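Close look at the chain arrangement
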Amino acid sequence: MSFPENLPSDSMVYDVVVVGSCMTDLVSYTPRLPKAGETIHGHKFFIGFGGKGANQCIQAARLGAKSAMVSKVGKDSFGDNYIENFKSNGVSTGQNAIVIVAGANLLLNSEDLERASKVIDCAKVVVCQLEIRPAITLEALKIARKAGVKTIFNPAPAIADLDPEFYKETDVFCCNETEAEILTGIEVCNVENAGKAGSVLLEKGCGSVIITLGAEGSVLMSRDKRTPHYIPTKKVKAVDTTGAGDSFVGALAFYMAYYPSLELEEMNRRACDIASILTNLYQRLVIEEKRIQEEVGESRDEG
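Residues numbered from 1 in each chain as written. Predicted model: local features only at pLDDT ≥ 70, side-chain atom pairs only at ≥ 80, totals over all residues. Heavy atoms only, no water.

Attention now goes to the overall build of the protein chain. Secondary structure summary: the protein chain contains 10 helices and 11 strands in total. Buried residues in the protein chain amount to 47% of all 303 residues. Here the analysis covers contacts within the protein chain between residues at least 6 apart in sequence; of these, 65% occur between residues at least 24 apart. Accessible area of the protein chain: about 15200 Å², with a carbon and sulfur share of 52%. (Helix = DSSP H or I, 4+ residues; strand = E, 2+ residues; numbered from the N terminus. Buried < 20%, exposed > 50% of the residue type's maximum accessible area, 1.4 Å probe, protein only. Contact = heavy atoms within 4.5 Å. Areas by Shrake-Rupley, 256 points an atom, 1.4 Å probe, with all protein chains shown as cover.)

Spelled out as C-alpha coordinates, the structure:
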(Lines give C-alpha, C1' and ligand atoms only; values in the text may rest on other atoms or scores of the structure.)
Protein backbone atom coordinates (compact mmCIF):
# COMPACT_ATOMS: atom_id res chain seq x y z
CA MET A 1 0.00 0.00 0.00
CA SER A 2 1.32 3.44 -0.80
CA PHE A 3 0.13 7.01 -1.05
CA PRO A 4 -0.39 8.83 -4.35
CA GLU A 5 1.65 11.98 -4.84
CA ASN A 6 -1.32 14.14 -5.85
CA LEU A 7 -3.24 13.90 -2.58
CA PRO A 8 -3.74 17.29 -0.91
CA SER A 9 -1.35 17.76 2.00
CA ASP A 10 -4.08 18.30 4.58
CA SER A 11 -5.42 14.81 3.89
CA MET A 12 -2.08 13.18 4.61
CA VAL A 13 -1.40 14.18 8.20
CA TYR A 14 -1.17 11.14 10.47
CA ASP A 15 0.27 11.12 13.95
CA VAL A 16 1.62 7.55 13.87
CA VAL A 17 2.96 6.06 10.64
CA VAL A 18 4.16 2.46 10.58
CA VAL A 19 6.37 1.17 7.78
CA GLY A 20 6.37 -2.59 7.95
CA SER A 21 4.71 -5.92 7.42
CA CYS A 22 1.29 -7.51 7.16
CA MET A 23 0.91 -11.24 7.77
CA THR A 24 -2.07 -13.55 7.74
CA ASP A 25 -1.84 -16.08 10.58
CA LEU A 26 -3.23 -19.60 10.15
CA VAL A 27 -3.50 -20.89 13.71
CA SER A 28 -4.36 -24.37 14.97
CA TYR A 29 -4.75 -25.23 18.64
CA THR A 30 -3.66 -28.70 19.72
CA PRO A 31 -3.07 -30.37 23.09
CA ARG A 32 0.64 -30.59 22.21
CA LEU A 33 3.02 -30.32 19.29
CA PRO A 34 3.00 -33.38 17.00
CA LYS A 35 6.11 -35.52 16.77
CA ALA A 36 7.89 -35.99 13.47
CA GLY A 37 5.60 -37.86 11.07
CA GLU A 38 2.69 -37.80 13.54
CA THR A 39 -0.87 -36.58 12.89
CA ILE A 40 -2.91 -35.36 15.83
CA HIS A 41 -6.33 -33.73 16.27
CA GLY A 42 -6.62 -30.02 16.80
CA HIS A 43 -9.60 -28.55 18.65
CA LYS A 44 -9.66 -25.06 17.14
CA PHE A 45 -8.54 -23.26 13.99
CA PHE A 46 -8.74 -19.62 13.01
CA ILE A 47 -7.31 -17.15 10.53
CA GLY A 48 -5.98 -14.01 12.15
CA PHE A 49 -4.35 -10.75 11.16
CA GLY A 50 -0.71 -10.45 12.11
CA GLY A 51 2.62 -8.98 11.09
CA LYS A 52 4.52 -6.89 13.60
CA GLY A 53 4.04 -3.64 11.71
CA ALA A 54 0.31 -4.11 11.26
CA ASN A 55 -0.17 -5.18 14.89
CA GLN A 56 1.67 -2.11 16.16
CA CYS A 57 -0.23 0.22 13.86
CA ILE A 58 -3.63 -1.15 14.85
CA GLN A 59 -2.78 -0.97 18.56
CA ALA A 60 -1.93 2.72 18.18
CA ALA A 61 -5.16 3.29 16.22
CA ARG A 62 -7.29 1.51 18.83
CA LEU A 63 -5.88 3.82 21.49
CA GLY A 64 -7.05 6.76 19.41
CA ALA A 65 -4.05 7.67 17.27
CA LYS A 66 -4.64 8.85 13.72
CA SER A 67 -2.59 6.10 12.09
CA ALA A 68 -1.41 5.10 8.64
CA MET A 69 0.27 1.93 7.37
CA VAL A 70 2.87 1.77 4.61
CA SER A 71 3.13 -1.82 3.40
CA LYS A 72 2.33 -4.22 0.57
CA VAL A 73 -0.15 -7.10 0.46
CA GLY A 74 -0.88 -9.78 -2.13
CA LYS A 75 -3.70 -9.64 -4.65
CA ASP A 76 -5.73 -12.43 -3.11
CA SER A 77 -8.39 -12.96 -0.48
CA PHE A 78 -5.83 -12.57 2.31
CA GLY A 79 -4.75 -9.20 0.96
CA ASP A 80 -8.32 -8.00 0.42
CA ASN A 81 -9.30 -9.05 3.93
CA TYR A 82 -6.29 -7.31 5.40
CA ILE A 83 -7.18 -4.01 3.78
CA GLU A 84 -10.70 -4.30 5.17
CA ASN A 85 -9.24 -5.08 8.59
CA PHE A 86 -7.23 -1.86 8.47
CA LYS A 87 -10.26 0.14 7.46
CA SER A 88 -12.42 -1.35 10.22
CA ASN A 89 -9.75 -0.38 12.76
CA GLY A 90 -9.51 3.20 11.51
CA VAL A 91 -6.11 2.83 9.85
CA SER A 92 -5.50 4.70 6.60
CA THR A 93 -4.08 2.66 3.71
CA GLY A 94 -4.11 5.41 1.13
CA GLN A 95 -4.25 4.14 -2.44
CA ASN A 96 -3.70 0.41 -2.72
CA ALA A 97 -0.74 -0.75 -4.76
CA ILE A 98 -1.32 -4.50 -4.75
CA VAL A 99 1.07 -7.08 -6.12
CA ILE A 100 0.49 -10.72 -7.05
CA VAL A 101 3.05 -12.55 -4.95
CA ALA A 102 3.07 -14.45 -1.67
CA GLY A 103 6.03 -12.51 -0.25
CA ALA A 104 4.52 -9.10 -0.87
CA ASN A 105 6.15 -7.64 2.24
CA LEU A 106 9.56 -8.00 0.61
CA LEU A 107 8.48 -5.99 -2.43
CA LEU A 108 8.05 -2.72 -0.56
CA ASN A 109 10.70 -0.53 -2.22
CA SER A 110 12.25 2.92 -2.40
CA GLU A 111 9.68 4.13 -4.91
CA ASP A 112 6.91 3.23 -2.47
CA LEU A 113 8.66 5.17 0.28
CA GLU A 114 9.03 8.15 -2.03
CA ARG A 115 5.27 8.13 -2.68
CA ALA A 116 4.67 7.89 1.07
CA SER A 117 7.33 10.45 2.00
CA LYS A 118 4.85 13.29 2.66
CA VAL A 119 2.95 11.06 5.06
CA ILE A 120 6.17 10.13 6.85
CA ASP A 121 7.40 13.74 6.93
CA CYS A 122 4.20 14.99 8.59
CA ALA A 123 3.97 12.25 11.21
CA LYS A 124 4.74 12.71 14.89
CA VAL A 125 6.12 9.17 15.25
CA VAL A 126 7.31 6.61 12.72
CA VAL A 127 7.59 2.95 13.72
CA CYS A 128 9.70 0.34 11.89
CA GLN A 129 10.68 -3.32 12.28
CA LEU A 130 12.61 -5.93 10.26
CA GLU A 131 9.87 -7.99 8.61
CA ILE A 132 10.40 -6.08 5.36
CA ARG A 133 13.80 -5.69 3.68
CA PRO A 134 16.24 -4.13 6.17
CA ALA A 135 17.49 -1.61 3.59
CA ILE A 136 13.94 -0.28 3.12
CA THR A 137 13.39 -0.12 6.88
CA LEU A 138 16.59 1.90 7.28
CA GLU A 139 15.57 4.20 4.44
CA ALA A 140 12.22 4.87 6.14
CA LEU A 141 13.97 5.71 9.41
CA LYS A 142 16.29 8.12 7.60
CA ILE A 143 13.37 9.87 5.89
CA ALA A 144 11.67 10.31 9.26
CA ARG A 145 14.78 11.55 11.07
CA LYS A 146 15.60 14.01 8.29
CA ALA A 147 12.11 15.50 8.73
CA GLY A 148 12.53 15.73 12.51
CA VAL A 149 10.04 12.93 13.18
CA LYS A 150 10.53 10.76 16.27
CA THR A 151 11.42 7.15 15.44
CA ILE A 152 10.79 3.85 17.19
CA PHE A 153 12.70 0.85 15.89
CA ASN A 154 11.73 -2.68 16.91
CA PRO A 155 14.57 -4.92 15.58
CA ALA A 156 12.44 -8.01 15.07
CA PRO A 157 13.26 -10.51 13.80
CA ALA A 158 16.74 -9.61 15.03
CA ILE A 159 19.83 -10.06 12.87
CA ALA A 160 23.27 -10.24 14.49
CA ASP A 161 25.01 -8.15 11.83
CA LEU A 162 22.53 -5.28 11.92
CA ASP A 163 23.71 -2.25 9.95
CA PRO A 164 25.24 0.20 12.49
CA GLU A 165 23.22 3.05 10.96
CA PHE A 166 20.01 1.61 12.45
CA TYR A 167 21.17 2.57 15.93
CA LYS A 168 22.02 6.14 14.92
CA GLU A 169 18.69 6.70 13.17
CA THR A 170 16.61 5.55 16.14
CA ASP A 171 15.20 7.67 18.95
CA VAL A 172 13.76 4.70 20.87
CA PHE A 173 15.30 1.30 20.25
CA CYS A 174 12.84 -1.27 21.60
CA CYS A 175 13.69 -4.98 21.70
CA ASN A 176 12.94 -8.02 23.84
CA GLU A 177 15.47 -10.07 25.75
CA THR A 178 16.07 -12.55 22.91
CA GLU A 179 16.63 -9.79 20.37
CA ALA A 180 18.93 -7.96 22.78
CA GLU A 181 21.04 -11.10 23.17
CA ILE A 182 21.35 -11.57 19.40
CA LEU A 183 22.40 -7.95 18.94
CA THR A 184 24.85 -7.71 21.86
CA GLY A 185 25.96 -11.26 22.65
CA ILE A 186 24.84 -10.80 26.26
CA GLU A 187 22.35 -13.33 27.62
CA VAL A 188 19.50 -11.29 29.04
CA CYS A 189 18.21 -13.52 31.82
CA ASN A 190 17.68 -10.84 34.46
CA VAL A 191 17.44 -7.10 35.00
CA GLU A 192 21.18 -6.71 35.59
CA ASN A 193 22.07 -8.32 32.27
CA ALA A 194 19.40 -6.27 30.53
CA GLY A 195 21.23 -3.19 31.78
CA LYS A 196 24.51 -4.48 30.39
CA ALA A 197 22.92 -5.17 27.00
CA GLY A 198 21.29 -1.75 27.07
CA SER A 199 24.65 -0.09 27.65
CA VAL A 200 26.07 -1.82 24.58
CA LEU A 201 23.13 -0.64 22.47
CA LEU A 202 23.54 2.94 23.70
CA GLU A 203 27.20 2.84 22.76
CA LYS A 204 26.14 1.90 19.23
CA GLY A 205 24.31 5.23 18.96
CA CYS A 206 20.70 4.79 20.14
CA GLY A 207 18.97 7.74 21.80
CA SER A 208 17.07 5.54 24.26
CA VAL A 209 16.84 1.78 24.75
CA ILE A 210 13.93 -0.25 26.08
CA ILE A 211 14.46 -3.97 26.65
CA THR A 212 11.20 -5.74 27.40
CA LEU A 213 11.33 -8.73 29.74
CA GLY A 214 7.96 -10.36 29.15
CA ALA A 215 5.94 -10.73 32.33
CA GLU A 216 8.77 -9.15 34.33
CA GLY A 217 8.36 -5.71 32.75
CA SER A 218 11.13 -3.76 31.04
CA VAL A 219 14.41 -1.92 31.48
CA LEU A 220 14.84 1.64 30.21
CA MET A 221 18.08 3.51 29.53
CA SER A 222 19.01 6.64 27.61
CA ARG A 223 22.03 8.73 26.72
CA ASP A 224 21.12 11.21 29.46
CA LYS A 225 20.19 8.54 32.02
CA ARG A 226 22.52 5.60 31.50
CA THR A 227 21.69 3.93 34.81
CA PRO A 228 19.27 1.07 34.02
CA HIS A 229 15.76 1.81 35.24
CA TYR A 230 13.63 -1.26 35.89
CA ILE A 231 9.91 -0.85 35.27
CA PRO A 232 7.82 -3.79 36.51
CA THR A 233 4.52 -4.64 34.90
CA LYS A 234 1.20 -5.49 36.46
CA LYS A 235 1.10 -9.16 37.35
CA VAL A 236 -1.35 -11.18 35.27
CA LYS A 237 -1.69 -14.85 34.49
CA ALA A 238 -0.61 -14.88 30.86
CA VAL A 239 -2.10 -17.78 28.90
CA ASP A 240 -0.77 -16.55 25.55
CA THR A 241 1.62 -13.63 25.12
CA THR A 242 1.30 -13.56 21.31
CA GLY A 243 1.23 -9.95 20.16
CA ALA A 244 2.04 -8.50 23.58
CA GLY A 245 5.34 -7.03 22.34
CA ASP A 246 3.61 -5.45 19.34
CA SER A 247 0.92 -4.07 21.65
CA PHE A 248 3.66 -2.49 23.77
CA VAL A 249 5.31 -0.81 20.77
CA GLY A 250 1.98 0.43 19.39
CA ALA A 251 1.01 1.87 22.76
CA LEU A 252 4.42 3.51 23.13
CA ALA A 253 3.98 5.16 19.72
CA PHE A 254 0.57 6.46 20.80
CA TYR A 255 1.95 8.07 23.95
CA MET A 256 4.94 9.55 22.13
CA ALA A 257 2.60 11.12 19.57
CA TYR A 258 -0.15 12.37 21.88
CA TYR A 259 1.60 12.90 25.23
CA PRO A 260 5.10 14.08 24.27
CA SER A 261 5.52 15.94 27.56
CA LEU A 262 5.38 12.68 29.52
CA GLU A 263 8.68 11.23 30.66
CA LEU A 264 9.68 8.20 28.59
CA GLU A 265 9.62 6.22 31.83
CA GLU A 266 5.91 6.95 32.28
CA MET A 267 5.16 6.17 28.62
CA ASN A 268 6.98 2.88 29.11
CA ARG A 269 4.99 2.08 32.23
CA ARG A 270 1.67 2.77 30.54
CA ALA A 271 2.63 0.75 27.47
CA CYS A 272 3.55 -2.18 29.75
CA ASP A 273 0.15 -1.97 31.41
CA ILE A 274 -1.65 -2.01 28.06
CA ALA A 275 0.35 -5.02 26.86
CA SER A 276 -0.48 -6.87 30.10
CA ILE A 277 -4.18 -6.15 29.55
CA LEU A 278 -3.89 -7.95 26.20
CA THR A 279 -2.62 -11.15 27.80
CA ASN A 280 -5.24 -10.91 30.55
CA LEU A 281 -8.01 -10.40 27.97
CA TYR A 282 -6.89 -13.54 26.14
CA GLN A 283 -7.01 -15.45 29.42
CA ARG A 284 -10.63 -14.40 29.96
CA LEU A 285 -11.53 -15.45 26.41
CA VAL A 286 -9.98 -18.89 26.97
CA ILE A 287 -11.92 -19.33 30.22
CA GLU A 288 -15.17 -18.29 28.53
CA GLU A 289 -14.54 -20.66 25.61
CA LYS A 290 -13.91 -23.52 28.02
CA ARG A 291 -17.14 -22.72 29.88
CA ILE A 292 -19.13 -22.75 26.63
CA GLN A 293 -17.57 -26.06 25.57
CA GLU A 294 -18.48 -27.60 28.92
CA GLU A 295 -22.07 -26.36 28.60
CA VAL A 296 -22.33 -27.80 25.09
CA GLY A 297 -20.95 -31.09 26.35
CA GLU A 298 -23.51 -31.20 29.19
CA SER A 299 -26.34 -30.46 26.75
CA ARG A 300 -25.25 -33.33 24.52
CA ASP A 301 -25.07 -35.67 27.50
CA GLU A 302 -28.59 -34.70 28.55
CA GLY A 303 -29.86 -35.24 25.01
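There is more to say, and it comes next.
What follows is about the pattern of salt bridges. Per the stated rule, a full pass over the model turns up 13 salt bridges. A salt bridge links Lys87 to Glu84, with the nearest nitrogen and oxygen atoms 3.9 Å apart. In this pair, Lys87 and Glu84 both sit in helix α2 (residues 77–88), three residues apart, roughly one turn of the helix. Of the residues examined, Lys87 reaches a relative accessible area of 48% and is grouped as partly exposed. With relative accessibility at 47%, the residue Glu84 sits in the partly exposed group. Each of Glu265, Glu266, Arg269 and Arg270 takes part in salt bridges that share partners, so that together they form one network. (Salt bridge = Lys/Arg side-chain N within 4 Å of Asp/Glu carboxyl O.)

As for its placement among the helices and strands, Ala215 is situated in the loop between β9 (208–212) and β10 (218–222). Separated by 19 residues in the primary sequence, Ala215 and Lys234 place their C-alpha atoms 8.2 Å from one another. Every residue in contact with Ala215, bar those within four places of it in the chain, is listed here: Thr233 and Lys235.

What follows concerns the packing of aromatic side chains. This structure, assessed with the given rule, holds nine aromatic pairs. Geometrically, the ring pair formed by Phe49 and Tyr82 is edge-to-face, given 4.9 Å between the ring centres and 70° between the ring planes. Note that Phe49 is positioned in strand β3 (residues 44–50) and Tyr82 in helix α2, a separation of 33 residues in sequence. Where Tyr82 meets Phe86, the ring centres are 5.2 Å apart and the plane angle is 40°; that geometry is what we call tilted. Note that Tyr82 and Phe86 are positioned in helix α2 at a spacing of four residues, about one turn of the helix. (Phe/Tyr/Trp six-rings, centres within 6.5 Å; stacked < 30°, edge-to-face > 60°.)

Here we come to the pairing of strand β1 (residues 16–19). Burial along β1 is two-sided: the residues Val16 and Val18 and Val17 and Val19 are all buried. Pairing of β1 with strand β4 (residues 67–70) involves four bridges; the strand directions are parallel. Bridged to Val17 within β4 is Ala68. In this sheet, strand β6 (residues 125–128) lies alongside β1 in parallel orientation, the contact comprising four bridges. Looking at β6, one finds that Val17 is bridged to Val126. (Pairing = 2+ DSSP bridges.)

The subject of this paragraph is helix α8 (residues 191–203). Counted at 1.5 Å a residue, the expected span for α8 with its 13 residues is 18 Å, and the 19 Å between its end C-alpha atoms agrees. Residues Asn193, Ala194, Gly195, Ala197, Gly198, Leu201 and Leu202 constitute the buried set of α8. Packed against the buried residues of α8 are α6 (165–168), β8 (172–176), α7 (177–184), β9 and β10. Where α8 begins, one side-chain oxygen reaches toward the backbone nitrogen of Glu192, 3.3 Å away; that side chain belongs to Asn190. (Expected span 1.5 Å × (residues − 1). Polar contact = N/O pair within 3.5 Å; in protein donor to acceptor, adjacent residues only side chain to side chain.)

Spatial strand order, β5-β4-β1-β6-β7-β8-β9-β10-β11: nine strands in an open sheet with mixed pairing. The sheet terminates laterally at β5 (91–92) and β11 (229–231), the two strands that pair on one side only. By the bridge criterion, five bridges tie β8 to β9 in an arrangement that is parallel. From the neighbouring strand, Cys174 faces β9, where its bridge partner is Ile210.

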